[in-house]
Amino acid sequence: MRWNRCSGASTDESESSASLLSASMPDHPVTRCKANVGLIAHLIVSKFADHLPLYRQDGFFKREGMTIPRATQASWLMQTYVSISALKKAFRQAVIGEADILFTDDTPIPLQVKGNGKLKKARLWVYLREGTDPPLVAYDFSLDRSKLRPIDYFEGYRGYVHADAYSGYDELFRKEELIVVGCWAHARRKFDEAISSRPQEATDILARIAMLYHEVETPCSHVTPEEHRHRRQEHAAPILAGIFEKLEELRSQTIPSEPLRKAVDYALNQRHALCRYLKDGRLRPDKNLAENAMCPVTLGRKNWLFVGSERGGRAAALSMSLIQSCKNCDINPWEYFDDMLRRIMSHPISRLRELLPDQWKPLPKDERGLLLPTKP
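Going along each chain's sequence as written, the residues are numbered from 1 onward. For a predicted model such as this one, the threshold for reporting local features is a pLDDT of at least 70, and the threshold for listing and counting side-chain atom pairs is 80 or more; totals across whole chains, interfaces and linings nevertheless cover every residue. Water and hydrogen atoms play no part in the side-chain values, which are based on all heavy atoms of the structure.

Q: Can you walk me through unusual backbone geometry in this structure?
A: Phi is mostly negative for residues that are not glycine, and the peptide bonds are mostly trans. Residues other than glycine seldom take positive phi values, yet His-51 does so here, at roughly 60°. By the criteria applied, helices consist of DSSP H or I runs no shorter than four residues and strands consist of E runs no shorter than two, each listed in order from the N terminus. As for its position among the elements, His-51 is in the loop between α1 (37-48) and α2 (54-63). The buried label goes to any residue with under 20% of its type's maximum accessible area, the exposed label to any with over 50%, and the partly exposed label to all in between, with areas taken from a 1.4 Å probe on protein chains only. Since its relative accessible area comes to 9%, His-51 is described here as buried. Residue Leu-305 is not a glycine yet carries a positive backbone phi of 70°. Checked against the element boundaries, Leu-305 lands in the loop between α12 (295-304) and α13 (310-328).

Q: What am I meant to see in the sheet that holds strand β5 (residues 137-142) here?
A: What holds strands together in a sheet is hydrogen bonding between their backbones, with the strands either parallel or antiparallel. The pairing criterion is simple: DSSP has to find at least two bridges between the two strands. Pairing is mixed across the open sheet formed by five strands, whose spatial order is β5-β4-β3-β6-β7. Either end of the sheet is taken by a strand with one partner, and the two such strands are β5 and β7 (178-181). With direction set aside, neighbouring strand axes in the sheet form an average angle of 30°. Two elements, strand β3 (residues 101-112) and strand β6 (residues 159-162), share three bridges in a ladder whose sense is parallel. Lines fitted to the C-alpha atoms define the axes, with helices restricted to the stretch that makes contact. Angles between their N-to-C directions range from 0 to 180 degrees.

Q: How do you make sense of the nonpolar core when you look at a structure like this?
A: Of all hydrophobic cores here, the largest spans 110 residues; its most connected members are Tyr-139, Trp-184, Phe-191, Leu-247, Leu-322, Phe-337 and Met-340. Pairs of residues are marked as contacts when any of their non-hydrogen atoms sit within 4.5 Å. In contact with Met-340, not counting residues within four places along its chain, are Ile-84, Leu-87, Leu-322 and Leu-355. Definition of nonpolar core: a set of buried residues of the types Ala, Val, Leu, Ile, Met, Phe, Trp, Tyr and Cys, connected through side-chain atoms within 4.5 Å.

Q: Explain the pattern of salt bridges here, please?
A: Pairing is possible between side chains that carry opposite charge, provided their charged atoms lie close to one another. Put simply, a salt bridge is a Lys or Arg side-chain nitrogen that is within 4 Å of an Asp or Glu carboxyl oxygen. Tallied over the full model, the rule gives 29 salt bridges. Taking the shortest distance from any N to any O, the salt bridge between Arg-208 and Asp-204 comes out at 3.2 Å. Of the two residues, Arg-208 and Asp-204 both sit in helix α7 (residues 199-217), four residues apart, roughly one turn of that helix. One network of salt bridges, in which partners are shared, links Asp-105, Asp-164, Arg-189, Lys-287 and Glu-291.

Q: What is the right way to read the packing of α1 against helix α14 (residues 333-343) from this model?
A: Packed helix pairs are characterised by how far apart their axes lie and by the angle those axes make with each other. Direction vectors running N to C along α1 and α14 enclose 135°, while the axes themselves pass 9 Å from each other. Put simply, α1 runs oblique to α14. Crossing of α1 over α14 shows right-handed handedness. Contacts between α1 and α14 involve Val-37, Gly-38, Ile-40, Ala-41, His-42, Ile-44 and Val-45 from the first element and Pro-333, Trp-334, Phe-337, Asp-338, Leu-341 and Arg-342 from the second. By the definition adopted for this analysis, an angle is roughly parallel if under 35 degrees, roughly antiparallel if over 145, roughly perpendicular if from 65 to 115, and oblique otherwise. When the near helix sits turned anticlockwise from the far one by under a right angle, the crossing is termed left-handed; a clockwise turn instead gives a right-handed crossing.

Okay, here's the thing in structure tokens:
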């Protein structure tokens, strides 16, 4: 007689011997990592969605009776980035290849210089896809604000781009396939800055700009794009004509050094771009969607202060892209990362598009290698 290790019952020696079978280890984005995928997802979401730097997450782990060296946490995040970096190409193609309306903006982000610990000014760009639902938000990290950065990102794109008057875009918008749409929020801001020196003239222009929103844009928030375009042609076009007529008068009544003159010159130089939104009801009079997408970056920057390396900046950009797109898709970011990180290592590279937030569908847990509760 022999004891069966699996059933706990005795068997005859003649019966085939029982053995223990071990399931294969599930895919993991970090080689030989002791942390499960859920913990790594927690680190990513806590840092880039809740804006908690790793040193503040230490307190959470201590309350749970755990000690995870900060260097280990940072290593997990960077190795995870390497494993999911293939998503960047699919993300860019989804943003520029599936829509014809984009919004873009950029903001400085401190970068620690290797060797001396000093900080230099790097850049984080945002590209937001509009015209399809839900919108995707892609961030891109660069070491500088060179005009080559947006030029490279927009390679192959055809359509409208909502942007400000940054000179680096000049060469970009010389391409026939790209059509710039100006930003009235930027134009308005300059007149707001001129109120202290020329209150009457600046306030008059601000009131006219407000009419564009209160009398045209707000009442049209739930109409079709064609109806919106028709209402703009009927009501916004005369207001715009009056604004630029007044600006021409102010140009002759001011000197170049005045804040009001600078505001006037900005608007007049951008006249065609500022009026372009009249042609298509899907367009917007400003690029506030892109500026709103920069708010999480600003909040995060106040907490984690700087990025430690160029690769760290690129890792942060990809993580924030996925998290902000999850929010736009009403997806719990932790649930997304917990599922995506389990699948990314074995997922066909030709189908990575399926793992982006707007097309992502979680697998049942038993299909991810996790056992479902069994009935007694």
